[in-house]
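An overview of the molecular structure
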Amino acid sequence: INATGANCSNVGSYGIFAANCSTINATGANCSNVGSYGIFAANCSTINATGANCSNVGSYGIFAGSGSTINATGANCSNVGTHGIFAANCSTINATGAIIQNQTTGDARIAVLYGSHVEAVSINTTGGTVPVFSQAVNTLTAQGIIYQ
């Protein structure tokens, strides 16, 4: 699916959702002010979301689960409810140059779980009170690794 430049702001639970080995190209998409997930990839899916706006989302700005990949270079995941960027269950998120500012709720702006990895080089995390990372960066754990 080609959703380049799509406007998914102010929708219900999901701005962009890919499941079951799907691929969505959503470069520059606007998924701000969504109820739960700005961009969500599940079950070996791929979403290309370079420069996407996932700010002011209720729970997760960008979420990859169950072996999925999200390319979100330069994405804006500021001021979200739980995690700006979250990779779970052997998933990968490329978030070089991402913006994750002003987060005041949740336990970390960027988190990995169950063998996942996030590339978070040159990110902007000014403002907010939430720790940036769920674990020490550049350190492989059972949860995965966050590169910075």
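This is a predicted model, so every value here is computed, not measured. (Residues numbered from 1 in each chain as written. Predicted model: local features only at pLDDT ≥ 70, side-chain atom pairs only at ≥ 80, totals over all residues. Heavy atoms only, no water.)

**Re the packing of aromatic side chains**
Selection rule: Note on aromatic contacts: the rings of Phe and Tyr and the six-membered ring of Trp form a pair at centre separations within 6.5 Å, being stacked when their planes are under 30 degrees apart, edge-to-face when over 60 apart, and tilted otherwise. Categorising residues by exposure relies on relative accessible area from a 1.4 Å probe, with only protein chains included: less than 20% of the type maximum marks a residue as buried, more than 50% marks it as exposed, and the intermediate range marks it as partly exposed. What counts as a helix is a DSSP run of H or I of at least four residues, what counts as a strand is a run of E of at least two, and both are numbered from the N terminus.
In this structure the tally under the stated criterion is 11 aromatic pairs. For the ring pair tyrosine 37 and phenylalanine 40, a centre distance of 4.7 Å and an interplane angle of 85° mean the geometry is edge-to-face. Across the pair, exposure class does not vary: tyrosine 37 and phenylalanine 40 are buried alike. On the numbers, 5.6 Å between centres and 85° between planes, the contact of tyrosine 37 with phenylalanine 63 is edge-to-face. With tyrosine 37 in strand S3 (residues 37–42) and phenylalanine 63 in strand S5 (residues 60–65), the pair connects residues that are 26 residues apart, well separated along the chain. Judged on exposure class, the residue tyrosine 37 and its partner phenylalanine 63 are both buried.

**What about the side chain of serine 78?**
Rule in force here: Here a polar contact is recorded for every N or O atom pair within 3.5 Å, except that within protein the pair must consist of a potential hydrogen donor and a potential acceptor, and residues adjacent in sequence are included only if both atoms are side-chain atoms. Contacts: residue pairs with any heavy atoms within 4.5 Å of one another.
Summarising the element assignment, serine 78 is placed in the loop between strand S6 (69–71) and strand S7 (83–88). A distance of 2.8 Å separates a polar atom in the side chain of serine 78 from a polar atom in the side chain of asparagine 76. The residues touching serine 78, leaving out its near neighbours within four places in the chain, are Cys54, Ser55, Asn56, Ile99, Ile100 and Gln101.

**Section: the environment of leucine 140**
Residue placement: leucine 140 occurs in the loop between strand S10 (116–119) and strand S11 (144–147). Residue leucine 140 is classed as exposed on the basis of its relative accessible area, which comes to 68%. Along the backbone, leucine 140 and asparagine 53 are 87 residues apart, and their C-alpha atoms lie at a distance of 29 Å.

**Digging into the environment of isoleucine 70**
Counting through the fold element by element, isoleucine 70 comes out in strand S6. Considering only alpha carbons, one finds isoleucine 70 and glycine 35, 35 residues apart in sequence, at a separation of 20 Å. Once residues lying within four places of it in the same chain are set aside, the contact partners of isoleucine 70 are Ile39, Ala41, Ile47, Ile62, Phe63, Ala64, Thr92, Ile93 and Asn94.

**Considering the sheet that holds strand S2 (residues 23–25)**
To keep it simple, the criterion reads: Two strands are said to pair when DSSP picks up at least two bridges between them. Note on geometry: axes are C-alpha line fits, over the in-contact stretch for helices, and angles between N-to-C directions span 0 to 180 degrees.
With parallel pairing, 6 strands are arranged side by side in an open sheet as S2-S4-S6-S8-S10-S11. This sheet does not close on itself; its edge strands, each paired only once, are S2 and S11. Across the sheet, the mean angle from the axis of one strand to that of its neighbour is 5°, orientation sign disregarded. Pairing analysis gives 3 bridges linking strand S4 (residues 46–48) to S6, with the strands arranged parallel.

**Overview of the environment of glycine 67**
If you trace the backbone, glycine 67 turns up in the loop between S5 and S6. Looking at glycine 67, the relative accessible area reads 32%, which means it is partly exposed. Residues glycine 67 and alanine 88, spaced 21 residues apart in sequence, show a C-alpha to C-alpha distance of 7.9 Å. Apart from residues lying up to four places away in sequence, glycine 67 is in contact with Cys44, Ala88, Asn89, Cys90 and Ser91.

**With respect to the nonpolar core**
Spelled out, the test is: Residues belong to a common nonpolar core when they are buried Ala, Val, Leu, Ile, Met, Phe, Trp, Tyr or Cys residues joined through side-chain atoms within 4.5 Å.
Ile16, Ile39, Ile47, Ile62, Ile70, Ile85 and Ile93 are the most contacted members of the largest nonpolar core, which totals 35 residues. At the level of secondary structure, the elements contributing two or more residues to this core comprise strand S1 (14–19), S3, S5, S7 and strand S9 (110–113). The contacts of isoleucine 62, once residues within four sequence positions are left out, are Ile39, Cys54, Ile70, Ala72, Ala75, Cys77, Gly84, Ile85, Phe86 and Ile93. If you look at the next biggest cluster of nonpolar residues, it comprises 8 residues, including Phe40, Ala42, Tyr60 and Phe86.

These figures capture arrangement, not role.
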